[in-house]
Amino acid sequence: MVANNCPSNRLSVRPSFCVRLSLSAELTSDLLTRSAHQFGVLVRIRCTHNFEKHFLCLQLMDSLPFSHLNGDLDHETLVSDVMYELIDDVTLGLCFEVHRACKNGTLFLGDTDPKSQREHELVDRAGVDVFGHVPTKKQFECVCPNCQRNLAASRFAPHLEKCMGMGRNSSRIANRRQAAMAKENESSRMSVLGDDSADDDNDLDWSYHVDRKIKKLKKDKSTHSPRRNKFNRFHKNGDSSSDRSATPEPGLSYEHLSQEERKQILVNTCGVISEHTKKMCAKSQKCHQHTDDQRVKVRQYLLGQSMVVDEDTTIDIDSLDDVDSSQSLRDNLWEGGSNASSPADSTSTNNSTGSKKRNGPKSAKLKKKKSRYGSDPRSSPFDFD
Amino acid sequence: MADDIKRKDAQMRATINQKLVETGERDRLKDLLRTRLIECGWRDQLKQHCKEVVKQKGLEHITVDDLVAEITPKGRALVPDNVKKELLQRIRTFLAQQADN
């Protein structure tokens, strides 16, 4: 094998091959030997003169000890021999492994076929990514599982919020819609059913401006949050049955209220008629502006009956509930639209009608509020014995 | 005389090999070499070469001897210099230690 005009002085290691190299004249045989030893190869140099004097013929031999070499070289030979033995061992291990893989048929298992290899080769052009695509933003389209519309990916999440009715905004919108609808309904008819809008319950979570009539119906849920309790106590009870104009007046005028409505108000609020404004106090039963005496007087005056009312005791209506719950629920359901009271009904059911027994041992105040439904005008301050 | 030297040389080699095995240095060196060769990609290169040889010779008719004959010289050649240097250094150190003892 001949390597003519090699620009570098590198040696290609080929045992027992004669290599002809073109070397610069300065390079001596010693230097050559030393550089050859760097590669752990014993070099035996034979200089022959060919056509030009700077050609050397090198005979590369396997590393074998030679007597004419000095002790250092022997040592080096030894060392490199050891190294080559180790390398050969590792190589042999690999050969065995490859041969085993051949015979097992697993040698070419992990390779891809040349066709796919060519297809998926890395692209290294300018202005294009490794796949060969131009780097533009791809718009992904998705299908809404609810309404089956094609949407852009960036608009998907907000759309889903509205479409499925979850998330803050969608409930606000729904509340507003409900309020508008309910106002319409009420203007057309007097009574409002308590059962036909179960999902209105959810809408009350965030809105304070929902129609008071509906709020009255949803008293169960509405009493859970302290905020709403406060609001309910001060505004809702007083204005419930008659005052739909949502006036922020703290008091109520009682003249145009029906008997049942008055009763309702008196159950839930203080009800004392103020001298100046001739209005009923809309605060709670425990309001400090008026005494119990006053409250008793007002009830006597308005309802024309003598009664013994102890406004401050906490009446345990839970027990009544337990006894009469089924009957009261049935009553409530059947008498959905009517405001007329049936005197045949037991007084105990009146208070518990419609209360859904969700709140266990809560105070009577809350219970009384809860027990009021539009379809239950029978509840009155007299009925908690 | 040459035979004498040769005999001595062979004897010396045998002693060295024995020492290497006894102390466990040979195994350590081999492990080190394996690690280095895998790190530098020598193994993958050589395996690729093996596959080419197998393709050339035919999968059915390949023998271990064939492979060994083809692969061993290539294997020696492909070892990078730094790995060789490191190994040589360690062997020399070991021999020096042995000489001292």
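Since the structure is predicted, the reported quantities are computational estimates derived from the model, not experimental observations.

Reading the values: the criteria
Residues numbered from 1 in each chain as written. Chains lettered and ligands numbered in written order. Predicted model: local features only at pLDDT ≥ 70, side-chain atom pairs only at ≥ 80, totals over all residues. Heavy atoms only, no water. Helix = DSSP H or I, 4+ residues; strand = E, 2+ residues; numbered from the N terminus. Buried < 20%, exposed > 50% of the residue type's maximum accessible area, 1.4 Å probe, protein only. Contact = heavy atoms within 4.5 Å. Areas by Shrake-Rupley, 256 points an atom, 1.4 Å probe, with all protein chains shown as cover. Polar contact = N/O pair within 3.5 Å; in protein donor to acceptor, adjacent residues only side chain to side chain. UniProt positions renumbered as here; feature names shortened; annotations may be inferred. Buried area = accessible area lost by both parts, 1.4 Å probe. Salt bridge = Lys/Arg side-chain N within 4 Å of Asp/Glu carboxyl O. Nonpolar A, V, L, I, M, F, W, Y, C, P; charged D, E, K, R; others polar. Axes fitted to C-alpha atoms, helices over the stretch in contact; angles between N-to-C directions. Parallel < 35°, antiparallel > 145°, perpendicular 65-115°, else oblique. Core = buried A, V, L, I, M, F, W, Y, C linked by side-chain atoms within 4.5 Å. pLDDT = per-residue confidence, 0-100. Left-handed = near helix turned anticlockwise from the far one by under 90°. Expected span 1.5 Å × (residues − 1). Arc of directions from axis to C-beta.

Draft legend 1. View of the overall build of chain A. A tally of helices and strands in chain A yields 14 helices and seven strands. Looking at chain A as a whole, 41% of its 385 residues are labelled buried. In chain A, of all internal contacts separated by at least 6 residues, the share reaching a separation of at least 24 is 51%. Total accessible area on chain A is roughly 22700 Å²; 54% of this is exposed by carbon and sulfur atoms.

Draft legend 2. Representation of the environment of R295 of chain A in the model. Residue and element names in this part refer to chain A. Assignment of secondary structure puts R295 in helix α11 (residues 292–303). Separated by 25 residues in the primary sequence, R295 and C270 place their C-alpha atoms 6.4 Å from one another. A polar side-chain atom of R295 sits 2.7 Å from a polar atom in the side chain of D292.

Draft legend 3. Local environment of the UniProt feature "zinc finger region: SGF11-type" (unreviewed entry) in chain A. Sites flagged by UniProt as "zinc finger region: SGF11-type" (unreviewed entry) map to residues 142–163 of chain A. Between the first and last C-alpha atoms of residues 142–163 of chain A the distance is 14 Å; the span itself is 36% helix and 23% strand.

Draft legend 4. Up close: the interface of chain B and chain A. Contacts between the two partners involve 41 residues from chain B and, on the opposite side, 34 residues from chain A. Together, the buried faces of chain B and chain A total about 3700 Å²; carbon and sulfur atoms form 72% of this surface. Connecting chain B to chain A are eight salt bridges. Inspection of the region where chain B meets chain A yields eight residue pairs in polar contact (both at pLDDT 80 or more). Taken together, the elements giving at least two residues each to the side of chain B that touches chain A come down to α1 (2–23), α2 (25–40), α3 (42–57), α4 (64–78) and α5 (81–100) of chain B. A breakdown of the residues in the side of chain B that touches chain A according to their chemical character gives 22 nonpolar, four polar and 15 charged.

Draft legend 5. Spatial organisation of the packing of α1 of chain B against α5 of chain B. Residue and element names in this part refer to chain B. Axis separation between α1 and α5 bottoms out at 11 Å; the angle between their running directions is 95°. In terms of their interaxial angle, α1 and α5 are classed as roughly perpendicular. Between α1, through I16, K19, L20 and T23, and α5, the contact on the second element is made entirely by F94, L95 and Q98. Counted by class, the contact of α1 with α5 contains four nonpolar, two polar and one charged residues.

Draft legend 6. Local environment of the nonpolar core. Of all hydrophobic cores here, the largest spans 35 residues; its most connected members are L33, L67, L87 and I91 of chain B. Once you skip the residues sitting within four places of it in the chain, L87 of chain B turns out to touch M83 and L86 of chain A together with L29, L32 and L33 of chain B. Within the second largest apolar cluster, 14 residues are counted, among which are Y254, L266, V272 and C287 of chain A.

Draft legend 7. Molecular detail of the confidence of the model for chain B. Looking at chain B, the pLDDT average stands at 93 and 100% of residues meet or exceed 70. At the level of chain-chain contacts, confidence expressed as ipTM amounts to 0.95, with global pTM at 0.39.

Draft legend 8. Region of the structure containing the packing of α3 of chain B against α4 of chain B. All names here are of chain B. Between α3 and α4, whose axes approach to 10 Å, the crossing angle comes to 150°. As the angle between them shows, α3 and α4 are arranged roughly antiparallel. Along this stretch, α3 crosses α4, giving a crossing that reads as right-handed. On the side of α3, the interface is formed by W42, Q45, L46, H49, C50, V53, V54 and K57, while α4 contributes D66, L67, E70, I71, K74, G75 and L78. Looking at the contact of α3 with α4 residue by residue, the class counts come to eight nonpolar, three polar and four charged.

Draft legend 9. Inspection of the side chain of S170 of chain A at higher detail. Relative to the helices and strands, S170 of chain A is located in helix α5 (residues 168–188). The contact partners of S170 of chain A, leaving out residues within four places of it in the chain, are E161, K162 and G165 of chain A.

Draft legend 10. Just the side chain of H49 of chain B, in detail. On the secondary structure map, H49 of chain B appears in helix α3. Non-local contacts of H49 of chain B, meaning those with residues more than four positions away in its chain, are made with E70, I71 and K74 of chain B.

Draft legend 11. Examining the pattern of salt bridges more closely. Enumeration according to the criterion identifies 19 salt bridges over all chains in this entry. R13 of chain B is paired through a salt bridge with D81 of chain A; the nearest N and O atoms lie 2.2 Å apart. With one member in each of two chains, R13 of chain B in helix α1 and D81 of chain A in helix α2 (residues 71–104) form a pair that bridges those chains. Per residue, the accessibility class of R13 of chain B equals that of D81 of chain A, and both read buried. By relative accessible area, which is 18% here, R13 of chain B ends up buried. One salt-bridge network, in which partners are shared between bridges, spans E85 and D89 of chain A together with R26 and K30 of chain B.

Draft legend 12. Structural view of α5 of chain B. Residues and elements named next belong to chain B. Given a rise of 1.5 Å per residue, 20 residues ought to cover 28 Å, and the 28 Å separating the end C-alpha atoms of α5 matches this to within 8%. Listed as buried for α5 are V83, K84, L87, L88, I91, F94, L95 and Q98. For α5, the buried positions fall inside an angular range of 125° around the axis, keeping them on one side. In this structure, α5 carries N82, K85 and D100 as exposed residues pointing more than 90 degrees from its buried face.

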